[in-house]
Amino acid sequence: MSRQDTVSHARPTGVASFTVSGEIARPLTLTVAGLREGWPQHRAEVVFDCAKDGPQHHRFEGPLLHDVLRTAAPAFDPRRRKDRSRFLLVISGGDGHHTALSWAEIDPDFANSAILLATRCDDTDLDPEGSQLVVPTDRCGARYISAITAIRVHASHMHAS
Ligand SMILES: Nc1nc2c(c(=O)[nH]1)N[C@H]1C(S)=C(S)[C@@H](COP(=O)(O)O)O[C@H]1N2
Ligand SMILES: [Mo]
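Parameters and conventions
Here, residues in each chain are numbered from 1, in the same order as that chain's written sequence. By the order in which they are written, chains take letters starting at A while ligands take numbers starting at 1. Given that the model is predicted, a residue must reach a pLDDT of at least 70 before its local features are reported, and side-chain atom pairs must reach 80 or more before they are shown or counted; all residues, however, enter totals for whole chains, interfaces and linings. Only hydrogens and water are removed before side-chain values are computed, so all heavy atoms of the structure are retained for them. In what follows, salt bridge is the name for a side-chain nitrogen of Lys or Arg lying within 4 Å of a carboxyl oxygen of Asp or Glu. Secondary structure elements are defined from DSSP: runs of H or I of at least 4 residues count as helices, runs of E of at least 2 residues count as strands, and each element is numbered from the N terminus. Note on exposure labels: buried denotes an accessible area under 20% of the residue type's maximum, exposed denotes more than 50%, and partly exposed covers the range between, all computed with a 1.4 Å probe on protein chains only. By convention a nonpolar core is built from buried Ala, Val, Leu, Ile, Met, Phe, Trp, Tyr and Cys residues, the set being connected through side-chain atoms within 4.5 Å. Contact between two residues is taken to exist if any of their heavy atoms lie within 4.5 Å; hydrogens are not considered.

Trainee: Mind laying out the pattern of salt bridges, listing which residues take part and the relevant values?
Mentor: Applying the stated rule across the entire model yields twelve salt bridges. Between Asp127 and Arg36 there is a salt bridge, and its shortest N-O distance comes to 2.7 Å. With a gap of 91 residues between them, Asp127 in the loop between strand E9 (124-125) and strand E10 (132-134) and Arg36 in helix H2 (residues 32-38) connect regions that are remote in the sequence. Residue Arg79 pairs with Asp77 through a salt bridge whose shortest N-O separation is 3.2 Å. We classify Asp77 as partly exposed; its relative accessible area is 21%. Among the charged side chains, a salt-bridge network with shared partners connects Arg36, Arg120, Asp125 and Asp127.

Have a look at this one:
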């Protein structure tokens, strides 16, 4: 088998990136390397329960979702807590699995949860597959979105029924 064949049969090892879009002043396209370089790195040792596989134990490293999204400048008045509390986040993986968070979960004036955009899981850098959302305060794993492709930021709106 030629070297070329070996490469073509290997798992794709491109560099994954994801977008941050929506009601923000500064849309971003980020790689895992960009996450590592742009913001302070935090660590989290977590256990989450998977419905299929039971308890999963992992060590993650990466910037706070809050720090990254502050850079994207969401369209709220940062001084006004009620304004911030209306904002919603949708985090999507490449396979279509997606989940919602509220801004208040990551905001130091509200739940202040240390949610990370992981650059590393255990001993593996996540550059090829993309970042994984780490939600240390969740009991189950469903919101640990892996291979993130998009984060959307939107204000919630009340609709008359
Ligand atoms: N993109 C994506 N991320 C995902 C899922 C998924 O189906 N797609 N499943 C979630 C579920 S249900 C769990 S329990 C964890 C499993 O994480 P692990 O594969 O690191 O154990 O990933 C979460 N992240
Ligand atoms: Mo799961």
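Trainee: Break down the nonpolar core for me, with residues and values.
Mentor: Nonpolar side chains in soluble globular proteins generally cluster together in the buried interior. Among the nonpolar cores identified, the biggest contains 39 residues, and Val20, Leu65, Leu69, Leu89, Leu117, Leu133 and Ile151 are the most heavily contacted of them. Non-local contacts of Leu117, meaning those with residues more than four positions away in its chain, are made with Phe18, Leu35, Glu61, Gly62, Pro63, Leu65, Val68, Ser131, Gln132, Leu133, Ile148 and Ile151.

Trainee: How would you explain unusual backbone geometry if you had to name every residue and give the values?
Mentor: The phi dihedral of Asp122 is positive, around 55 degrees, even though this residue is not glycine. The class for Asp122 is partly exposed, based on a relative accessible area of 24%. In this model, Ala147 sits at a positive phi of 50 degrees, which is unusual for a non-glycine residue. For Ala147, the location among the structural elements is in the loop between E10 and strand E11 (148-155). The exposure class assigned to Ala147 is partly exposed, which follows from its relative accessible area of 26%.

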